[in-house]
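Secondary and tertiary structure notes
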Amino acid sequence: MEYISTRNNQKNFTFKDVFLKGLADDGGLFVPKSIKSFSKEDLNQLKILSYNDLAAEIIYPFIGDFMSKDELISTISKSYSNFRSNDVVKISNLGNLKVLELFHGPTLAFKDIAMQLIGNFYQYHLGHDQKKINIIVATSGDTGAAAIDALKGKDNLNVFVLHPNNRISPVQRKLMTIHEDSNVFNIAIDGNFDDCQNLVKAMFSDEKFSKKINMSGVNSINWARIIAQAVYYFYAYFKVGNGQTISFSVPTGNFGDIYAGYLAKKLGLPIDKLIVATNKNDILHRAISGGDYSQKKVKETNTPSMDIQIASNFERLLYDVKDCNSEVTKDVMSKIKNNKYKIDKNDLDKIKKNFISEMLDENETLEIIKIINDENQIIVDPHTAVGIGAVRKLGLENNCVVLSTAHPCKFPKAIEDAISKTENLPDSLKYVNDRKEKFEVLSNDIEKVKKYVMNSI
Ligand SMILES: *Cc1c(COP(=O)(O)O)cnc(C)c1O
């Protein structure tokens, strides 16, 4: 499969380029040049597969000659061998509503599913090509832990994680900062997640710097993450779909996880609506409900992994909406950068064919945690609560799957506020509380961050 950048569709890239670079040099995002969807017969064959075999069938067409199918199969099985659920994910019921639990990996959020695989992709690649890689990633709390767990101790690479200082939960922070591996570096930036993401983007676009350190990225814009995440939409559909179309509700920040659902739909999965569920940082809700894609200041909420106002992966959708015209996409992106973009009616109608959106404020989120606990004796994490609340507000409980993106113990304060209970870490992770933390606090200054990276490698 060949890939192009959303801002220049004349130049082709391989999966290996796309995977290692993350972001295109022109600032655009990589997308496949074309996608072949599965036929009804194909879907019938995929239906009976285990999670790992399904993952291999879905991912293989996207990776070209990066590795053989047998190598992919063994890489997938190695990646998911330490998950606490035999089939990687789990489906549970909340009344009519189905919940797809994606948090059974080592760092208790859905990010592990893609990241464990990516970690092994790096290892495979570095086994063939010896140049040391420096991976730099921004996190709103969960990506960082997942990346560190997937990459710690691996040969020939370092991982640098930038998180917004004091704006993530202590459990989220500890899962990143307790590691003693010499290839792990945590940086707390005095700023918000968008600041962290902008610093990483600035390092990438500084060609001299990024070449010098052989920089690579695993942010949610990395195409390898998207394809790994598309798998669980198929898995859930095959478990609960009964041949009908179903909708998915997805708590959304960077538009990555939900874009994976859109990819699944493009691949032929009978998805009706993809529900974009946001917190008060509602740029995507404003955009999808009324075309308003203006950026506002990031607000802190009890769902910190979604405290984002630059939904990077949205560019991939805009590229589609603009009929795969990269010149027009580029123009739109520069208008967005200057905060001068409104989605016109025609484009919005196209978006609404696949997406619908809803927003929950903090009290509504806590209220959902309480209702679910009262009705079902189940504790859901606040992000999952946003996904559930969106479905309830829209009245779409039938034929709908909510993506449960994190384990509630990662967000003890929200759980305590909602139901006055504490949710403990699973036994296998209790040790986290007693370990010493290590991280560097830096101001939101690109030169300081670059210097820190240079001095560390
Ligand atoms: C990252 C994250 C999200 C948002 O996912 P995106 O791909 O950024 O939209 C939602 N919930 C949790 C728990 C997360 O860690």
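It should be noted that the structure appears before, not after, this text.
A short tour of the structure in this document, coming up. (Residues numbered from 1 in each chain as written. Predicted model: local features only at pLDDT ≥ 70, side-chain atom pairs only at ≥ 80, totals over all residues. Heavy atoms only, no water.)

Some words on the overall build of the protein
Rule in force here: Runs of E in the DSSP output that reach at least two residues are strands. Runs of H or I that reach at least four are helices, and both are numbered from the N terminus. Each radius of gyration reported is based on C-alpha atoms, and the globular scaling rule is 2.2 Å times the count of residues to the power 0.38. Relative accessibility thresholds used throughout: buried, under 20% of the residue-type maximum; exposed, over 50%; partly exposed, between the two (1.4 Å probe, protein chains only). In this description, contact between two residues means that some pair of their heavy atoms is separated by no more than 4.5 Å.
When helices and strands are counted, the protein shows 19 helices and 14 strands. Here the C-alpha atoms of the protein give a radius of gyration of 20 Å, agreeing with the 23 Å that 2.2 N^0.38 yields for 457 residues. Judged by the C-alpha coordinates and their principal axes, the protein covers about 55 × 50 × 50 Å. Evaluated residue by residue, the protein yields a buried proportion of 60% over its 457 residues. At a minimum sequence separation of 6, the contacts of the protein that also span at least 24 residues come to 75%.

Observations concerning the pattern of salt bridges
Oppositely charged side chains can form a pair if their charged atoms are brought close together. Put simply, the test is: We define a salt bridge as a side-chain nitrogen of Lys or Arg found within 4 Å of a carboxyl oxygen belonging to Asp or Glu.
Throughout the structure, instances matching the rule amount to 26 salt bridges. Lys 211 is paired through a salt bridge with Glu 207; the nearest N and O atoms lie 3.1 Å apart. Of this pair, Lys 211 and Glu 207 both sit in helix α9 (residues 207–212), four residues apart, which is roughly one turn of the helix. Judged by relative accessible area, Glu 207 falls into the partly exposed class, the value being 43%.

A few points about the sheet that holds strand β11 (residues 271–278)
Put simply, the rule reads: When DSSP finds two or more bridges between two strands, those strands count as paired. Between N-to-C directions, angles span 0 to 180 degrees; the directions come from axes that are lines fitted to C-alpha atoms, helices contributing only their stretch in contact.
One open sheet holds the six strands; their spatial order is β4-β5-β13-β10-β11-β12, and the pairing between them is mixed. The open sheet terminates on both sides in strands that have one partner only, identified here as β4 (90–94) and β12 (355–359). Across the sheet, the mean angle from the axis of one strand to that of its neighbour is 25°, orientation sign disregarded. Across the face of the sheet, helix α12 (residues 283–290) comes into contact with β11 and β12 while running at roughly 130° to β12. Across the sheet, helix α15 (residues 345–354) is in contact with β11 and β12; its angle to β11 comes to roughly 105°.

Concerning unusual backbone geometry
A positive phi is found at Phe 255, a non-glycine position, where the angle reads about 65°. Take Phe 255: it is sitting in the loop between β10 (246–251) and α11 (256–266). Phi angles above zero are rare outside glycine, and Cys 324 is one such case at about 55°. Structurally, the position occupied by Cys 324 is in the loop between α13 (314–321) and α14 (326–337).

Quick look at the site of the ligand
Note the cut-off: Nearness is judged by heavy atoms alone; a residue qualifies as near a molecule or strand once a single heavy atom is within 4 Å of it. Within 3.5 Å is the distance limit for a polar contact, defined as a pair of N or O atoms, with the added protein rule that one can donate a hydrogen and the other accept it, and that residues adjacent in sequence qualify only through two side-chain atoms. Shrake-Rupley sampling with a 1.4 Å probe provides the accessible areas, and residues are treated as covered by the protein chains on show and by no other component. The classification used treats Ala, Val, Leu, Ile, Met, Phe, Trp, Tyr, Cys and Pro as nonpolar, Asp, Glu, Lys and Arg as charged, and all other residues, Gly among them, as polar.
As a structural note, the neighbourhood of the ligand is formed by 15 residues, with Lys 111, Asp 142, Gly 253, Asn 254 and Asp 257 the closest of them. A distance of 2.4 Å separates an oxygen atom of the ligand from a polar side-chain atom of Asp 142. For the ligand, an oxygen atom lies 2.9 Å from a polar atom in the backbone of Asp 257. Surface burial for the ligand is 98%, taken as the share of its 380 Å² of free accessible area covered by protein chains. Classifying every residue of the shell around the ligand gives five nonpolar, seven polar and three charged.

Some thoughts on the packing of α11 against α13
Applied cut-off: Crossing handedness is defined as follows: a turn of the near helix away from the far one that is anticlockwise and smaller than a right angle gives a left-handed crossing, while the clockwise case is right-handed.
Orientation of α11 relative to α13, taken along the N-to-C sense of each, is 35°, at an axis distance of 10 Å. Seen along the crossing, α11 lies across α13 with a hand that is left-handed. Residues Tyr 259, Tyr 262 and Lys 266 of α11 form the contact with α13, whose own contacting residues are Arg 316, Leu 317 and Asp 320. Across the contact of α11 with α13, the residue classes break down as three nonpolar, no polar and three charged.

A word on the sheet that holds strand β7 (residues 157–164)
Backbone-to-backbone hydrogen bonds pair the strands of a sheet. The strands run either parallel or antiparallel. The parallel open sheet is built from five strands, whose spatial order is β9-β6-β7-β8-β14. Each of the sheet's edge strands pairs with one partner strand only, and the pair in question is β9 (215–216) and β14 (440–443). With two bridges joining them, strand β6 (residues 133–138) and β9 adopt parallel strand pairing. Among the inter-strand pairings, Ile 135 is bridged to a residue of β9, identified as Ser 216.

As for the packing of aromatic side chains
The cut-off we apply is this: Aromatic rings from Phe, Tyr and Trp, taking only the six-membered ring of Trp, are treated as a pair when their centres fall within 6.5 Å; an angle between ring planes under 30 degrees marks them as stacked, one over 60 as edge-to-face, and anything in between as tilted. Both a distance and an angle decide whether a charge sits over a ring: NZ of Lys or CZ of Arg must be within 6 Å of the ring centre and within 35 degrees of the ring normal.
What the rule picks out here adds up to 28 aromatic pairs. Ring geometry for Phe 19 against Phe 121: centres 5.7 Å apart, planes inclined by 85°, an arrangement best described as edge-to-face. Residue Phe 19 is located in helix α1 (residues 15–21), and its partner Phe 121 is located in helix α5 (residues 111–128); the two are separated by 102 residues in the primary sequence. Exposure class is identical for Phe 19 and Phe 121. Each is buried. Across from the ring centre of Phe 209, 5.6 Å away, lies the NZ or CZ of Lys 450, which sits over that ring.

With respect to the side chain of Asn 222
With respect to the helices and strands, Asn 222 occurs in the loop between β9 and α10 (223–240). Asn 222 has contacts with Val 18, Phe 19, Gly 22 and Gly 217, leaving out every residue within four places of it along the chain.

Quick word on helix α3 (residues 51–63)
Heads up, the condition is: Each helix should span, by expectation, one fewer than its residue count multiplied by 1.5 Å.
In a regular helix each residue adds 1.5 Å, so 13 residues correspond to 18 Å; α3 covers 18 Å between its end C-alpha atoms and thus fits that length. All of the buried residues along α3 are Tyr 51, Leu 54, Ala 55, Ala 56, Ile 58, Ile 59, Phe 62 and Ile 63. One or two steps after α3, the chain reaches Gly 64, where phi turns positive at roughly 55°.

Side note on the nonpolar core
Where we set the bar: Here, nonpolar core refers to any group of buried Ala, Val, Leu, Ile, Met, Phe, Trp, Tyr and Cys residues whose side-chain atoms link them within 4.5 Å.
The biggest cluster of nonpolar side chains holds 115 residues, and the ones touching the most others in it are Trp 223 and Tyr 233. Apart from the residues within four sequence positions on either side, Tyr 233 is in contact with Phe 248, Val 250, Asp 257, Ile 258, Ala 260, Gly 261, Ala 264, Leu 269, Ile 271, Leu 274 and Leu 403. One finds Leu 97, Met 306, Leu 360 and Ala 385 within the second-largest nonpolar core, a separate group that totals 24 residues.

A word on the pairing of β11
Definition in use: Whether a crossover is right-handed depends on one test, that the path from the first strand over the helix to the second runs clockwise when the strands point away from the viewer.
β11 sits mainly inside the fold: six of its eight residues count as buried. Here five bridges tie β10 to β11, and the two strands are oriented parallel to one another. Counted as the bridge partner of Phe 248 is Leu 274 from β11. One crossover worth recording links β10 to the parallel β11 by way of α11, and it is right-handed. Summarising the sheet, β11 and β12 pair through five bridges and their orientation is parallel.

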